[in-house]
Amino acid sequence: MTMKILNVIVKTINAIVTLFIVFVVSTIFIQRISDNKINLGGISIYTIITQSMEPKYNVGDMVFSKKVDTSTLKVGDDVVYMGKEGDFSGKIVTHQIIKIEVINNVKYYHTKGINNNVEDPRITSDQIMGKVFMKGRILSLISKIINNEYGFYFVIFVSMEIIDIVDEKKQKGCENNEQQIKEDN
């Protein structure tokens, strides 16, 4: 009986993890093939590649952003935007809004990495791709482990061991069932 419950729990966890991985991989795949123009349900996933937002977001962290009505944005919100000027031109940036101003009926957002001394070139609503709503802690950890050569091999090794253990448990379960059938006859 205990083995059946354990088996159901393992299968349920496996299904949840599989669905989560499929969602994340699908989102990343859709973003990559569309050059970040398409997202899944308004949600996009980005990897932090600089130290500009430390200690809030570290290099390798993965953040989730959601398309929002830019009129709801306020100072202190972290946004993902497409840079159009200077060093930011053509780059996707995740920084914090530090000031919002309206000039000639155009709303400008001033952003800056919290670890930076200098403000970014100001941006407009059309550049904003989304508001960060969550840092994927587990996803960030997995990403950092997999992106490390030793971590990648460790994950493969552990996965193979788990598969072997599950197969052994299944084999023992089948042998026990066959033994029980023989004893019943």
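No experiment lies behind these values; they were computed from the predicted model shown.

(A) Summary view of the overall build of the protein. Along its length, the protein carries three helices and seven strands. Helices and strands appear in the protein in the N-to-C order α-β-β-β-β-β-β-β-α-α. Per-residue burial over the protein gives 28% buried out of 185 residues. Considering only residue pairs separated by 6 or more positions, the protein has 48% of its internal contacts joining residues 24 or more positions apart.

(B) Highlighting the pairing of strand 1 (residues 43-47). In terms of burial, strand 1 is a largely internal element, four of the five residues being buried. Note: strand 1 against strand 2 (residues 62-66), five bridges, orientation antiparallel. If you follow Ile-43 over to strand 2, its bridge partner there is Lys-66.

(C) The arrangement of a negative patch on the surface in detail. A surface patch of negative charge is lined by Glu-161, Asp-164, Asp-167 and Glu-168. Considering the arrangement of structural elements, one finds Glu-168 in helix 3 (residues 149-184). By relative accessible area, Glu-168 is classed as partly exposed at 49%.

(D) Summary view of empty space enclosed by the protein. Tallying each qualifying case throughout the model produces one cavity of 30 Å³ or more. Of the volumes computed, that of the largest cavity is approximately 40 Å³. Lining the largest cavity are Tyr-81, Gly-83, Lys-84, Glu-85, Phe-88, Pro-121, Arg-122, Ile-123 and Gln-127. Grouping the amino acids of the lining of the largest cavity by side-chain chemistry returns four nonpolar, two polar and three charged.

(E) Spotlight on the side chain of Thr-70. On the secondary structure map, Thr-70 appears in the loop between strand 2 and strand 3 (78-82). A polar contact is formed between the side chain of Thr-70 and the side chain of Ser-125, at a distance of 3.1 Å. Residues contacting Thr-70, with those up to four places away along its chain left out, are Tyr-109, Ser-125 and Ile-128.

(F) The environment of Asn-39, seen in detail. You can see Asn-39 is positioned in the loop between helix 1 (2-33) and strand 1. Measuring from C-alpha to C-alpha, the distance between Asn-39 and Ser-26 comes to 9.5 Å, with 13 residues separating the pair along the chain. If sequence neighbours within four positions are ignored, Asn-39 has contacts with Ile-30, Ser-44 and Lys-67.

(G) Here's a closer look at the side chain of Gln-96. Residue position: Gln-96 is located in strand 4 (residues 92-103). Judged by its relative accessible area of 18%, Gln-96 falls in the buried class. Here the side chain of Gln-96 touches Gly-76 through a polar contact of 3.4 Å, landing on its backbone oxygen. Excluding anything up to four places from it in sequence, Gln-96 contacts Met-53, Lys-56, Gly-76, Asp-77, Asp-78, His-110, Thr-111, Lys-112 and Ile-114.

Cut-off values and rules
- Residues numbered from 1 in each chain as written.
- Predicted model: local features only at pLDDT ≥ 70, side-chain atom pairs only at ≥ 80, totals over all residues.
- Heavy atoms only, no water.
- Helix = DSSP H or I, 4+ residues; strand = E, 2+ residues; numbered from the N terminus.
- Buried < 20%, exposed > 50% of the residue type's maximum accessible area, 1.4 Å probe, protein only.
- Contact = heavy atoms within 4.5 Å.
- Pairing = 2+ DSSP bridges.
- Patch = residues over 30% accessible without salt bridge, like charges linked within 9 Å, V, L, I, M, F, W, Y side chains within 5 Å.
- Areas by Shrake-Rupley, 256 points an atom, 1.4 Å probe, with all protein chains shown as cover.
- Salt bridge = Lys/Arg side-chain N within 4 Å of Asp/Glu carboxyl O.
- Lys, Arg positive; Asp, Glu negative; His and termini not counted.
- Charge placed at Lys NZ, Arg CZ, Asp CG, Glu CD.
- 1 Å grid on protein atoms, 1.4 Å probe; cavity = no way out; pocket = protein on both sides within 12 Å on 5 of 7 lines; lining within 4 Å.
- Points joined across faces, edges and corners; volume = space filled by probe spheres on them.
- Nonpolar A, V, L, I, M, F, W, Y, C, P; charged D, E, K, R; others polar.
- Polar contact = N/O pair within 3.5 Å; in protein donor to acceptor, adjacent residues only side chain to side chain.

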